[in-house]
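Structural characterization, general
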Amino acid sequence: MNMQVMGMLASIVEQRMIPVASWLTRSRHVMALRDGFQLAMPFIIVGSLLVPLLYPPLEASNNHPLAISMRELSAQLMPWLYPVYIHTAGLVSLIIAFGAAASLARAYKMPEHLSGLSGCIAFLLLIDFRSVQGGVFGYLGGLGIFTALLAAFYTVELIRLFQRNGWTIKFPEEVPLMTSQGFQLIIPLLFVTISLSLLRLWLQQYFGISLPELMSYLFKPLITGADTLPALLIAILVAHLLWFMGVHGALIVNGLLSPFWMAGLSANQAALMVGEPLPHIFLQGFWDYYLLIGGIGTTLPLVFMAMRSRSQTLHSVGRLGFIPSLFNINEPILFGFPIIMNPIFFLPFIGVPMVNATLAWLLTEWGYLDRFVAMLPWSMPSPLGAAWAANGSLPNTIMVLICILNSYVLYRPFFIAHERIQLSQEAKHQNR
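Note that the coordinates shown come from a computational prediction; the quantities given were computed from them, not determined experimentally. (Residues numbered from 1 in each chain as written. Predicted model: local features only at pLDDT ≥ 70, side-chain atom pairs only at ≥ 80, totals over all residues. Heavy atoms only, no water.)

Looking now at the overall build of the protein chain. Looking only at helices and strands, one finds 19 helices and zero strands in the protein chain. Principal-axis analysis of the C-alpha atoms places the extent of the protein chain at approximately 75 × 65 × 40 Å. Considering the protein chain as a whole, with its 432 residues, one finds that 48% of them fall into the buried category. The contacts in the protein chain between residues at least 6 apart in sequence include a share of 73% that link residues at least 24 apart. (Helix = DSSP H or I, 4+ residues; strand = E, 2+ residues; numbered from the N terminus. Buried < 20%, exposed > 50% of the residue type's maximum accessible area, 1.4 Å probe, protein only. Contact = heavy atoms within 4.5 Å.)

One pass over the structure, following the stated rule, counts four salt bridges. Between aspartate 35 and arginine 106 there is a salt bridge, with the nearest N and O atoms lying 3.5 Å from each other. Of this pair, aspartate 35 sits in helix α2 (residues 28-49) while arginine 106 is found in helix α5 (residues 92-107), placing the two residues 71 residues apart along the sequence. For arginine 106, a relative accessible area of 41% puts it in the partly exposed group. Between arginine 106 and glutamate 112 there is a salt bridge, with the nearest N and O atoms lying 3.1 Å from each other. A relative accessible area of 27% means that glutamate 112 is categorised as partly exposed. Ionic contacts of the salt-bridge type, sharing partners, join the residues Arg34, Asp35, Arg106 and Glu112 into one network. (Salt bridge = Lys/Arg side-chain N within 4 Å of Asp/Glu carboxyl O.)

A cis amide bond links phenylalanine 337 with the next residue in sequence, proline 338, at an omega value of -5°. The residue proline 338 is located in the loop between α16 (331-336) and α17 (346-365) in this model. One non-glycine residue with positive phi stands out, namely methionine 341, at about 60°. Tracing the sequence through the fold places methionine 341 in the loop between α16 and α17. Looking at methionine 341, the relative accessible area reads 40%, which means it is partly exposed. Even without being glycine, asparagine 391 reaches a positive phi, approximately 65°. Examined against the element boundaries, asparagine 391 turns out to sit in the loop between α18 (382-388) and α19 (394-430). Owing to a relative accessible area of 6%, asparagine 391 belongs among the buried residues under this scheme.

A few words on the side chain of serine 118. Mapping serine 118 onto the fold places it in helix α6 (residues 112-127). Not counting the four nearest positions on each side in its chain, serine 118 is found in contact with Thr155, Ile159, Leu185 and Leu189.

So, about helix α12 (residues 249-274). Between its terminal C-alpha atoms α12 stretches 37 Å, which fits the 38 Å expected from 26 residues at 1.5 Å a residue. In the structure, α12 departs most strongly from a straight axis at leucine 257, where the bend amounts to approximately 50° and where the proline proline 259 lies between one and four residues downstream. Buried residues dominate α12, accounting for 19 of its 26 residues. Two residues or fewer after α12 comes glycine 275, characterised by a positive phi angle close to 75°. (Expected span 1.5 Å × (residues − 1). Bend = angle between axes of the 7 residues up to and from the residue.)

Let us now look at the packing of aromatic side chains. According to the stated counting rule, one finds 20 aromatic pairs in the structure shown. Residues phenylalanine 162 and phenylalanine 191 carry aromatic rings whose centres are separated by 5.4 Å and whose planes lie at 45° to one another, so their mutual orientation is tilted. With phenylalanine 162 in helix α8 (residues 145-164) and phenylalanine 191 in helix α9 (residues 177-207), this residue pair connects regions lying 29 residues apart in the sequence. With a centroid separation of 5.6 Å and 80° between ring planes, the pair formed by tryptophan 261 and phenylalanine 282 is classed as edge-to-face. Remark: phenylalanine 282 occurs in the loop between α12 and α13 (284-291) and tryptophan 261 occurs in helix α12; sequence separation between them is 21 residues. Judged by relative accessible area, which is 3%, tryptophan 261 ranks as buried. Phenylalanine 282 sits in the buried class, given a relative accessible area of 2%. Each residue in the set Trp261, Phe282, Phe286, Trp287, Tyr290, Trp361 and Phe372 is aromatic and connected to the rest through ring pairs, giving one cluster. Sitting over the ring of tyrosine 108, arginine 160 keeps its end group 4.0 Å from the ring centre. (Phe/Tyr/Trp six-rings, centres within 6.5 Å; stacked < 30°, edge-to-face > 60°. Lys NZ or Arg CZ within 6 Å of the ring centre and 35° of its normal.)

In an α-helix, one full turn covers 3.6 residues, which means residues spaced three or four apart are oriented alike. An ideal rise of 1.5 Å per residue puts 28 Å on 20 residues; α8 measures up with 28 Å between its terminal C-alpha atoms. Glycine 166 sits one or two positions beyond α8 and adopts a positive phi of about 75°.

What follows is about the environment of isoleucine 86. Examined against the element boundaries, isoleucine 86 turns out to sit in helix α4 (residues 65-86). Overall, isoleucine 86 belongs to the buried group, its relative accessible area being 16%. Considering only alpha carbons, one finds isoleucine 86 and leucine 362, 276 residues apart in sequence, at a separation of 32 Å.

As structure tokens, this is what we get:
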């Protein structure tokens, strides 16, 4: 790619994509959405770690003594591990309601803890958790994510409206802050709860539906559309284009896709519990362990090449980035080679993850790879993460190794070209 084409591309990205990305990174609601999911992540991970123990990856017809022993162990562990699962991963929407409301309130310089609790009350009111109707617990889990976000944003915006217009109970400055803030919340909270209760009764009486059910119907096409190969490739393109220009594109893409990933993960776990086929492919585990091997751009093979390079600069960067890259952290590589704004690496930086994603998607859709049922830390080494997040899948581990080999082959010609330039520059520097 010559410099003229590179300049045109950079101009297009700067004029079209970076302003949108900058707006998204500054948006209070997008940040609140992201913060809500980050707050819920430790609880989701704790629950996910128990999935292989509660539901071992074994066929019901497998009568091998080891398989029988594993099923018996799972049955023995179920009474005391299942409550842990349902009170961590099973309450993810309730946690997100608190986190999103608290984050948005903090952005508005409002009492975040009181606002977060108000968001939880609003969410519980909408799903009517006291009801014995089927599926209610699912709304506390992954099925209620969109309702939780709506409840959180509605609650905080209404409280802000009341406080901004002075429609609150006010006390002298001598009154303790917590007491004063609590009484200021009474009137807006009363309006929030009554309005949502009326909305719930209206929907139930005239349409025979609850708001979580309505949200599920409305967002079902988006959830389905987000779990397609074109959506996956678009997400890769946007994230990597922004990263190539120095903007943290993955942070933006992850934030926008998190609700869809969480809903898909919940659906996969529900299918696993009843022994049905898992419906979703493109989840966070797919993104983290097939596409971020060594970090954004699947750059782990570049580390191996750099460590054996004749260039002192590349050799040093490779040694520096080796350990972080094993845990999918590659800033030393991105800025040390550099890859960012380097025309030589533009095509492989974007193309390698796309090729790996297409291959992994097709093999998963054809049944050769296992679908993901757990969320684990993105920093877990990819071969281990891909197996564990798919309930102990050996084919997924092999797929990661294939992705590494494929990335090595595709990156190699571009690395050689970049190495020649580095060697030439080092030779000129030594001859001065």
